[in-house]
Amino acid sequence: MTDTPASGEPATSPDPAGPGPAADPAEASVADKAAKENVLVQPMRDTHFDFQHKVFSLPGAFFCQEPNGKEAVLNILLGDLKATLAFPTLLESFQIEDGSHDARLLEIIEQGLAFVKLIRPGEEIPGELLDGRASWSVDDKHRIIAKGRLTVQIVSSFTGSEMIVSDIDQLEQLVEDPQTKERMSAAFGKIAERLKLTNNAEQYLTDRVDDLAQELSYIEALRDRFKDIRRIELAMGKLATIYRTDRTFCSELNRMQGLIRKPLREFDMIFDQADAQTGDIVGALRNFHPTIQFIRKIRDDLRAKLLEWEDLLRGWDEISMERSAKIEQLQKQTYRFLASRYIETTVWKRGG
C-alpha cells in the first residue's frame, strides 16, 4: 500500500480539472478496446486488488480521492491525456456490471482510501479491512512511549508510588531499570490475583502488556502528528505579529484561529477516549480483545481524520515564518480548508 510521497504528487498525477466534458476520440478508442478485453486475467487473491478489466492495467493507473472532495476516482493515462474517472463514469464507460468482481473491489477501494492516500491496482488491500492490523508503520520511539506509559501506569497503580514521566529517554530508561522490573513483577502478582491467573501468570501478563503497547504505539504516532496541527495554531499567532499592519490578513487570521479550535477539541476528545481504555488496566487485560478492537477503531478514526490534513501539514512543515508570497498562499489554502470543514452554520426557520 502506498501513501502519497512526501516529495509531492506522482508523475502520473491527473489534471485536477479531469478529462473534460467532451469525449476524446483517442479515449473512446482505448475504452472500446479495453471493454472488449474485459476477460478474466487470473484468479483473485483475496488480499489484493486484482482487477480483471484491462482498463486497470493502463499506464499510470492509480486510485485516490478527488482533490476537492472525498469522491474516489481512477487516474489513468490515455496516450498523452491524463484522465480522472469517477466510479459511476468508470462503471458505465467500461461496462463493469454492478455486483461483479471489479465492482466489489471498487467498493473496497472507497473504504481503503480512508487509510491510505493512494492505491494502485494489484496492491494489497489495507490491513484495516482484512484483519484489523494497520497498513502503515510506526517509529521505534512511539513503541517506547507506549510501553513506557503503560509501565508507569501499572507501577503507579499497584505499588503506591506515583510516577510522572513524559520524556522519551526517561521512559526508555525507566522500562529497563531493574527496580522498575521488580515493581512490575510485584504489580503483575496483584493483577494475577485479581484476574485469578495461576499458570505462568507473569509471562502471560508480560505478553499481554507488550501486545497492548504495540496497539497503543499507533495512537502515540498519531498523537505526535496531531501536535503539528497545534503548531499551525501557534504559527497563526506569530503571523498576526508579522503582518500586524495588514488589516485584511490579520482579520482572516483571526477567523482561522476561531475555526481551528473545533478540530483541536475534537482530536483532544478522541485521544482522551484512547487513553481511557487503559485507565483501568485490570479491566483492559480482563477484556483484552474488546479493548484491542476499540483501540483499533479509534486508531482508524484518527488516521482517516489526519489524512485529510496531511497535504496542509506538509506545507506548514516546510514554511518559514516571514513575510512572503508563499506563506500568504498557504494562509489562504488553510483558510479554505478550515472554512470548508469547520465553519459554524445556522439554519433559520419561520415560525416555531
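Each chain carries its own residue numbering, running from 1 in the direction its sequence is written. Where totals are concerned, whole chains, interfaces and linings use all residues; where local detail is concerned, this predicted model gives features only for residues with pLDDT of at least 70, and gives and counts side-chain atom pairs only at 80 or more. Derived side-chain values reflect all non-hydrogen atoms in the structure, with water molecules and hydrogen atoms excluded from consideration.

This part is about the confidence of the model for the protein chain. Looking at any residue, its pLDDT shows the predictor's confidence there, from 0 to 100. Of all residues in the protein chain, 82% have pLDDT values of 70 or greater, and the mean over the chain is 84. Under the DSSP-based scheme used, a helix requires at least four consecutive residues in state H or I and a strand at least two consecutive residues in state E, with every element numbered from the N terminus. Taken element by element, the protein chain is modelled with least confidence in helix α1 (residues 25-36), mean pLDDT 46, and with most confidence in helix α8 (residues 201-242), mean pLDDT 95. Residues count as neighbours in contact if any of their non-hydrogen atoms are within 4.5 Å of one another. For residues 1-31, every residue scores under 50 in pLDDT, and the model assigns this stretch 48 contacts once sequence neighbours within four places are set aside. Scored below 50 in pLDDT, residues 33-44 makes 20 contacts in the model with residues more than four places away or belonging to other chains.

Glancing now at the nonpolar core. For soluble globular proteins, the rule of thumb is that nonpolar side chains tend to be buried together. Residue types Ala, Val, Leu, Ile, Met, Phe, Trp, Tyr and Cys, when buried and joined through side-chain atoms within 4.5 Å, form a set referred to as a nonpolar core. Burial classes: relative accessible area under 20% of the type maximum marks a residue as buried, over 50% as exposed, and values in between as partly exposed (1.4 Å probe, protein chains only). Formed by 61 residues in total, the largest nonpolar core has its most connected members in Ile154, Ile191, Ile229, Trp309 and Leu338. Every element with two or more residues in this core is listed here: α5 (140-159), α7 (178-195), α8, α9 (247-276), α10 (281-286), α11 (288-317) and α12 (325-342). Among the elements that take part in this core, α8 stands out by supplying 16 residues, more than any other. Excluding residues that lie within four positions of it along the chain, Ile191 makes contacts with Ile154, Phe158, Leu205, Val282 and Leu285. Membership of the second largest hydrophobic core comes to 25 residues, among which are Leu78, Ile96, Ala103 and Ile125.

Now for a negative patch on the surface. Patch members must show over 30% relative accessible area and no salt bridge, and they are joined within 9 Å when carrying like charges or within 5 Å when they are nonpolar side chains of Val, Leu, Ile, Met, Phe, Trp or Tyr. Residue burial considers only the protein chains on display, and all accessible areas are found by Shrake-Rupley using a 1.4 Å probe. A carboxyl oxygen of Asp or Glu within 4 Å of a side-chain nitrogen of Lys or Arg is what we treat as a salt bridge. His is not counted, nor are the chain ends, whereas Lys and Arg count as positive and Asp and Glu as negative. Taken as the charge location is NZ of Lys, CZ of Arg, CG of Asp or CD of Glu. A cluster of acidic residues, Glu71, Glu97, Asp98, Glu107 and Glu110, forms a negative patch on the protein surface. Mapped onto the secondary structure, Glu97 falls in the loop between α2 (87-93) and α3 (101-112).

Another point: the sheet that holds strand β1 (residues 62-65). What the three strands build is an open sheet, ordered β1-β2-β3; its pairing is antiparallel. Of all the strands in the sheet, the pair left with one neighbour each is β1 and β3 (81-86). This sheet shows a mean twist of 35° between the axes of neighbouring strands, independent of strand direction. Strands are treated as partners if at least two bridges between them are detected by DSSP. With six bridges connecting them, strand β2 (residues 72-78) and β3 associate as antiparallel partners. Following the sheet pairing, Leu78 is matched in β3 by Leu81. The angle between two axes is taken between their N-to-C directions and runs from 0 to 180 degrees, where each axis is a line fitted to C-alpha atoms and a helix contributes only its stretch in contact.

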